[in-house]
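A closer look at the structure
Each chain, letter by letter, is given below.
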Amino acid sequence: MRTTSANETRTLGERLASSLRPGDVLLLLGDMGVGKSELTRGIARGLGIQGPVASPTFTILQVYDEGHIPLYHFDLYRLHRVEELFEIGFDEFVGGDGVALVEWPDLFAAEMPTDYLQVAINPGAGLTERTIQVEPKGSRFTKRW
C-alpha cells in the first residue's frame with residue numbers, strides 16, 4: 001500500500017482497525033519519523049478513541065481504554081534490558097483484552113509473540129509518501145487476513 005500524506009496514513013489505520021480484535025498484536029517497523037504514530041492515531045480513531053493520541057517515546061506505554069477495544073501503545077526505543085519489559089507490564093498487556101501496538105519490536109525480538117500482524121512503514125518517492133506493508137505472522141492472522 002502507498003499513502004501520500006499523514007492524513008492518508010491515518011485513514012489507512014482507521015480501515016485496519018475495523019478488522020482488529022481483542023488480543024491482537026501489531027508490530028510496527030520503521031525508522032523515526034516515518035509515520036508509525038500517524039498510523040497509530042488512525043487505528044485509535046478506528047477503535048473509537050476520541051482523545052489525543054501521543055507517541056509514547058518518553059512514557060514507554062500509553063493506555064487508551066475509552067474505545068470499544070482498549071489500545072496499548074508501546075514504544076520500546078528507550079528500553080535497554082529485557083527486564084524493563086516486565087517492569088512495564090508488557091506481558092500483561094500483549095495478547096490481553098485489547099489491541100497492542102509495539103514500536104521498535106526488533107530491539108526485543110525474542111520477547112515478541114509468535115502471532116502478530118507486522119506493519120512495515122518506509123519512506124516513498126516523495127517527501128510525504130509512505131510504503132506500508134502489512135504481513136500476517138502466525139495462525140491468528142493468516143486465517144483472517
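Below, the structure is looked at part by part. Keep in mind the model is a prediction, meaning the values are calculated, not measured.

1. Observations concerning helix α2 (residues 36-46)
Listing the buried residues of α2 in full gives K36, S37, L39, T40, G42, I43 and A44. Packing partners of the buried residues in α2 comprise α1 (6-17), β2 (25-29), β4 (71-75), β5 (99-103) and β6 (116-123). A positive phi of about 90 degrees marks G48, the residue just after α2.

2. Regarding the pattern of salt bridges
The final tally for this structure, using the stated rule, is six salt bridges. With a closest N to O distance of 3.6 Å, E83 and R81 form a salt bridge. Accessibility expressed as a relative area gives 42% for R81, which makes it partly exposed. What emerges from the salt-bridge pattern is a single network uniting R10, E38 and R41.

3. Some remarks on the side chain of R130
Structurally, R130 can be placed in strand β7 (residues 130-137). One buried charge, R130, has no salt-bridge partner; the nearest side chain with opposite charge is E129, at 8.1 Å. A polar contact is formed between the side chain of R130 and the backbone oxygen of L127, at a distance of 3.2 Å. If sequence neighbours within four positions are ignored, R130 has contacts with M1, R2, T3, T9, G33, V34, G35, I121, N122, P123 and G124.

Procedures and definitions
Residues numbered from 1 in each chain as written. Predicted model: local features only at pLDDT ≥ 70, side-chain atom pairs only at ≥ 80, totals over all residues. Heavy atoms only, no water. Buried < 20%, exposed > 50% of the residue type's maximum accessible area, 1.4 Å probe, protein only. Helix = DSSP H or I, 4+ residues; strand = E, 2+ residues; numbered from the N terminus. Contact = heavy atoms within 4.5 Å. Salt bridge = Lys/Arg side-chain N within 4 Å of Asp/Glu carboxyl O. Lys, Arg positive; Asp, Glu negative; His and termini not counted. Polar contact = N/O pair within 3.5 Å; in protein donor to acceptor, adjacent residues only side chain to side chain.

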